[in-house]
Amino acid sequence: MEALLCTKLGDPTVGLEENSSPIVVSKNHPIPQLNSPTSVRVRIKATSLNFANYLQMLGKYQEKSPLPFIPGSDFSGFVEAVGPKVSNFRVGDPVCSFASLGTFAEFVVVDESQLFRVPKGCDLVAAGALAVAFGTSHVALLHRAKLTSGQVLLVLGAAGGVGLAAVQIGKACGAIVIAVARGAEKVKLLKSLGVDHVVDLSDGNFMQSVKEFLQARRLKGIDVLYDPVGGKLAKESLRLLKWGANILIIGFASGEIPVIPANIALVKNWTVHGLYWGSYKIHCPDVLEDSIKELLSWLARGLISIHISHSYRLSEANLAFAAIRDRKVIGKVMIVFDEKFTRSKL
């Protein structure tokens, strides 16, 4: 099978033909075999890139994988083979899920307990981008912050994969959503999703824009801060939080880890949630299962949608990583197998 191998740590945006590239496309990699009576082999249709995948290639992710390895996490496709004790799936079923590694390949093997059937009417390629981005935001907002209707949600990095997911989940929950992004194209998309207020960082008036919106709506402040960015923007956002606010730490796309003053958190009764979604697979797998099932239901009912701005073949993986590095992705970037598509221009 065709698979993308990471043979050394380094910059995955380097052309695959160059000796310095850490990734190489193997044309004859062994097809993974069923390894238990309940295992399922999936022919992958699409797999998405997440910022975590990029950090993993650079060696900057919190979990280190032995070299060489096949990167990739969330995926969708069709059941290609099943073990003798598999009861919930048949060959040909459309499915999606996520794995720790191994989805930048034509086939992946997982246990049937980790697979989810894609409902009728859902775009199978889009379903390959659901688990990590939407799962992260769903668990953060509903399970950790317990977001409710009427609360004010501030989403930083709102045009990225987890950001767009957080915006849509916030609206589905009836929250008042303030989205922060940069550039007219991103702002336009966020407004089309029904966001209550969009701040364009290109204008340089973040604090003033949010304060004026809160005053106009007679709102006391932000109830939930969703932060996948960190840095200066996160620090400024703390000044907008009300008493009893929830802070969701999702990641540090800015490259700078913010400091949350403990004395202010004490006085204002803030709750700070660290959210490493992948660790739920070990510690709270039932939460992940329920979360993804609900998200698939929402996707089938049209309550959420998955915006794919870039699609590539496996042989163009370096271009996909470059799109993430250069902040050109609005929503998700995909690796697609056996699919006719037009690649978005970078």
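Since this is a predicted model, take the numbers as computed values, not measurements.

Reading the values: the criteria
Residues numbered from 1 in each chain as written. Predicted model: local features only at pLDDT ≥ 70, side-chain atom pairs only at ≥ 80, totals over all residues. Heavy atoms only, no water. Helix = DSSP H or I, 4+ residues; strand = E, 2+ residues; numbered from the N terminus. Rg over C-alpha atoms; globule rule 2.2 N^0.38 Å. Buried < 20%, exposed > 50% of the residue type's maximum accessible area, 1.4 Å probe, protein only. Areas by Shrake-Rupley, 256 points an atom, 1.4 Å probe, with all protein chains shown as cover. Lys, Arg positive; Asp, Glu negative; His and termini not counted. Charge placed at Lys NZ, Arg CZ, Asp CG, Glu CD. Salt bridge = Lys/Arg side-chain N within 4 Å of Asp/Glu carboxyl O. Pairing = 2+ DSSP bridges. Axes fitted to C-alpha atoms, helices over the stretch in contact; angles between N-to-C directions. Contact = heavy atoms within 4.5 Å. UniProt positions renumbered as here; feature names shortened; annotations may be inferred. Phe/Tyr/Trp six-rings, centres within 6.5 Å; stacked < 30°, edge-to-face > 60°. Right-handed = clockwise from strand over helix to strand, strands pointing away. Parallel < 35°, antiparallel > 145°, perpendicular 65-115°, else oblique. Nonpolar A, V, L, I, M, F, W, Y, C, P; charged D, E, K, R; others polar. 1 Å grid on protein atoms, 1.4 Å probe; cavity = no way out; pocket = protein on both sides within 12 Å on 5 of 7 lines; lining within 4 Å. Points joined across faces, edges and corners; volume = space filled by probe spheres on them.

Student: For this particular structure, what's the right way to read the overall build of the protein?
Tutor: Scanning the protein for helices and strands turns up 11 helices and 15 strands. The globule rule puts the C-alpha radius of gyration for 346 residues at 20 Å, and the 20 Å found for the protein is close to it. Dimensions along the principal axes, computed over C-alpha positions, put the protein at roughly 60 × 45 × 35 Å. A buried classification covers 54% of the 346 residues belonging to the protein. Surface exposure of the protein reaches about 15,700 Å², of which carbon and sulfur atoms provide 52%. With 38 positive and 29 negative side-chain charges, the protein shows a spacing of 5 Å between the two charge centroids.

Student: What exactly am I supposed to notice about the pattern of salt bridges here?
Tutor: Counting across every chain of the model gives 7 salt bridges. Notably, a salt bridge pairs Lys171 with Asp196, separated by 3.0 Å at the nearest N-O pair. On the criterion of sequence distance, the pair formed by Lys171 in helix α4 (residues 161–172) and Asp196 in the loop between α5 (184–192) and β10 (197–200) is long-range, its members being 25 residues apart. We classify Lys171 as partly exposed; its relative accessible area is 28%. When the shortest N-O distance is used, the salt bridge between Lys242 and Asp223 registers 3.3 Å.

Student: Where do I start with the sheet that holds strand β12 (residues 241–249) in this structure?
Tutor: Two strands in a sheet stick together by hydrogen bonds in their backbones, pointing the same way (parallel) or opposite ways (antiparallel). One open sheet accounts for 6 strands, arranged β10-β9-β8-β11-β12-β13; its pairing is parallel. Sheet topology places β10 and β13 (271–274) at the edges, where each strand pairs with a single neighbour. Sheet twist, expressed as the mean angle between neighbouring strand axes with direction ignored, is 15 degrees. Where strand β11 (residues 222–227) meets β12, 5 bridges bridge the pair, whose relative direction is parallel. Looking at the pairing, Val224 lines up with Asn246 of β12. Helix α3 (residues 131–144) contacts β8 (152–155), β11, β12 and β13 of the sheet and is inclined by roughly 150 degrees relative to β11. Across the sheet, α4 touches β8, β9 (176–181) and β11, and the angle it forms with β8 is around 170 degrees.

Student: Explanation requested: the UniProt feature "domain: Enoyl reductase (ER)" (unreviewed entry) in the protein in the structure shown.
Tutor: As annotated in UniProt, the feature "domain: Enoyl reductase (ER)" (unreviewed entry) corresponds to residues 15–335 in the numbering used here. Helix and strand shares over residues 15–335 are 31% and 24% respectively, and the end C-alpha atoms of the span are 16 Å apart.

Student: Teacher, can you tell me more about the packing of aromatic side chains here?
Tutor: Within this structure, the stated rule accounts for 5 aromatic pairs. Judged by centre distance (6.5 Å) and plane angle (35 degrees), the rings of Tyr54 and Phe321 are tilted. Of this pair, Tyr54 sits in helix α1 (residues 51–58) while Phe321 is found in helix α11 (residues 317–325), placing the two residues 267 residues apart along the sequence. For the pair formed by Tyr54 and Phe321, the shared burial category is buried. An aromatic cluster of at least three residues, connected via ring pairs, comprises Phe51, Tyr54, Phe104 and Phe321.

Student: Looking at this model, I keep getting lost on the pairing of β11. Mind explaining?
Tutor: For a regular strand, side chains alternate in direction, first toward one face of the sheet and then toward the other. Of all the 6 residues making up β11, 6 are buried; the element is thus mostly covered by neighbouring parts of the structure. In terms of strand pairing, β8 meets β11 through 3 bridges, oriented parallel. Counterpart to Leu153 in the pairing with β11 is Val224. Viewed along the sheet, the connection from β11 through helix α7 (residues 231–237) into β12 turns out right-handed.

Student: Would you mind showing me how to read the environment of Ala234 here?
Tutor: Assignment of secondary structure puts Ala234 in helix α7. Sequence spacing of Ala234 and Phe252 is 18 residues, and the spatial spacing of their C-alpha atoms is 9.6 Å. Ignoring anything within four residues of it in the chain, the contact list for Ala234 reads Leu156, Asp227 and Pro258.

Student: Looking at this structure, I do not really get the packing of α1 against α11. What am I missing?
Tutor: Axes are the key here: two packed helices are described by the angle between their axes and the distance separating the axes. One can describe the packing of α1 onto α11 by two numbers: an axis separation of 10 Å at closest approach and a directional angle of 110 degrees. Regarding the angle of α1 to α11, the classification is roughly perpendicular. The residues of α11 that touch α1, namely those facing Phe51, Asn53, Tyr54 and Met57, are Phe321, Ile324 and Arg325. In terms of residue class, the contact of α1 with α11 is built from 5 nonpolar, 1 polar and 1 charged.

Student: Sorry if this is basic, but what is going on with empty space enclosed by the protein here?
Tutor: Where empty space is left becomes clear once a probe the size of a water molecule has been rolled over the atoms. Taken as a whole, this structure holds 1 cavity of 30 Å³ or more when the rule is applied. Computed from the structure, the largest cavity encloses a volume of approximately 40 Å³. For the lining of the largest cavity, the element with the highest residue contribution is α4, accounting for 3 residues. Looking at the lining of the largest cavity residue by residue, the class counts come to 3 nonpolar, 5 polar and 1 charged.

Student: Got a minute to help me understand the layout of surface pockets in this structure?
Tutor: Computed from the structure, the second largest pocket encloses a volume of approximately 190 Å³. Sort the elements by how many residues they give to the lining of the second largest pocket and helix α10 (residues 285–301) lands first, with 4 residues. Here the residues of the lining of the second largest pocket are counted per class, giving 4 nonpolar, 2 polar and 3 charged.

Student: Can you help me understand the pairing of β9 in this one?
Tutor: Burial analysis of β9 places 6 of its 6 residues in the buried class, the great majority of the element. Side-chain alternation along β9 places Ile176, Ile178 and Val180 on one buried face and Val177, Ala179 and Ala181 on a second face that is also buried. With 4 bridges connecting them, β8 and β9 associate as parallel partners. By the bridge assignment for β9, Leu154 is matched with Ile178. With α4 bridging β8 and the parallel β9, this β-α-β connection has right-handed handedness. Of the pairings in the sheet, the one linking β9 to β10 comprises 4 bridges and is parallel in character. Within the sheet, the bridge partner assigned to Ile178 lies in β10 and is His197. Each parallel crossover has a hand, and the one from β9 via α5 to β10 is right-handed.

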